[in-house]
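# A structural walkthrough
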Amino acid sequence: MKVKIKFIPKDMIPELRNEVVVEGASTVKEALKKLISQNPSLKDEIFESGTEKLHSHILIAVNDQLKGIDSEINDNDEVKILMALSGG
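Described in the following lines is the structure provided in the data block. (Residues numbered from 1 in each chain as written. Predicted model: local features only at pLDDT ≥ 70, side-chain atom pairs only at ≥ 80, totals over all residues. Heavy atoms only, no water.)

Take the nonpolar core next. Grouped together as the largest cluster of nonpolar side chains are 22 residues, with contacts concentrated most on Leu-32, Leu-35, Ile-46, Leu-54, Ile-60, Ile-73 and Ile-81. Breaking this core down by element, the ones donating at least two residues are strand E1 (2-8), strand E2 (19-23), helix H1 (28-38), strand E3 (58-62) and strand E5 (78-83). (Core = buried A, V, L, I, M, F, W, Y, C linked by side-chain atoms within 4.5 Å. Buried < 20%, exposed > 50% of the residue type's maximum accessible area, 1.4 Å probe, protein only. Helix = DSSP H or I, 4+ residues; strand = E, 2+ residues; numbered from the N terminus.)

This brings us to unusual backbone geometry. Backbone geometry places Asn-63, a non-glycine residue, at a positive phi of 50°. Looking at where Asn-63 falls in the secondary structure, it is placed in the loop between E3 and strand E4 (65-67). Taking the relative accessible area as the measure of exposure, Asn-63 reaches 39% and is therefore partly exposed. Of note, Asp-64 is a non-glycine position whose phi angle comes to about 70°, a positive value. Relative to the assigned elements, Asp-64 resides in the loop between E3 and E4. Here Asp-64 falls in the exposed class, since its relative accessible area comes to 58%.

Taken together, the buried positions of H1 are Val-28, Ala-31, Leu-32, Leu-35 and Ile-36. Down the axis of H1, the sector holding all buried residues measures 135°, keeping them to one side. Buried residues along H1 sit in contact with E1, E2, helix H2 (43-46), E3 and E5. (Arc of directions from axis to C-beta. Contact = heavy atoms within 4.5 Å.)

Reading across the sheet, the 5 strands line up as E2-E1-E5-E3-E4 and stay open at both edges, with mixed pairing between neighbours. Of all the strands in the sheet, just E2 and E4 have a single pairing partner and so form its edges. Sheet twist, expressed as the average angle between the axes of neighbouring strands with direction ignored, equals 35°. Pairing of E1 with E5, which is carried by 5 bridges, proceeds in the parallel orientation. Opposite Phe-7, over in E5, you have Ile-81 as the bridge partner. In this fold H1 packs onto E1, E2, E3 and E5, with an angle of close to 110° to the strand it touches most, E2. (Pairing = 2+ DSSP bridges. Axes fitted to C-alpha atoms, helices over the stretch in contact; angles between N-to-C directions.)

A few words now on the pattern of salt bridges. A full pass over the atoms with the stated rule returns 7 salt bridges. As a salt-bridge pair, Glu-52 and Lys-29 come within 3.7 Å of each other at their nearest N and O atoms. With a gap of 23 residues between them, Glu-52 in the loop between H2 and E3 and Lys-29 in helix H1 connect regions that are remote in the sequence. A salt bridge links Glu-52 to Lys-33; the shortest N-O distance between them is 3.1 Å. With a gap of 19 residues between them, Glu-52 in the loop between H2 and E3 and Lys-33 in helix H1 connect regions that are remote in the sequence. Take Glu-52: its relative accessible area is 39%, and that puts it in the partly exposed class. Judged by its relative accessible area of 39%, Lys-33 is partly exposed. One connected set of salt bridges, linked through shared partners, spans Lys-6, Glu-19, Asp-64, Glu-78 and Lys-80. (Salt bridge = Lys/Arg side-chain N within 4 Å of Asp/Glu carboxyl O.)

See the structure below:
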């Protein structure tokens, strides 16, 4: 099973392309863990330090619908990691 993971904004993680494909995940959390295993520096960008809890400024969408980290995913789903931006 392949799942596409996209970053919004797309330059959130400059060293990666806008889209990464991971295989063998059946939940959002598994997909994120596979992404992090390939790119360990992302762990602190996505999860709170020492936990598997998303940072409060991170939202997850699966096929353009907001979902929780334990949501199931299917082959060819698109998972978006949405990083809230603020400032003035």
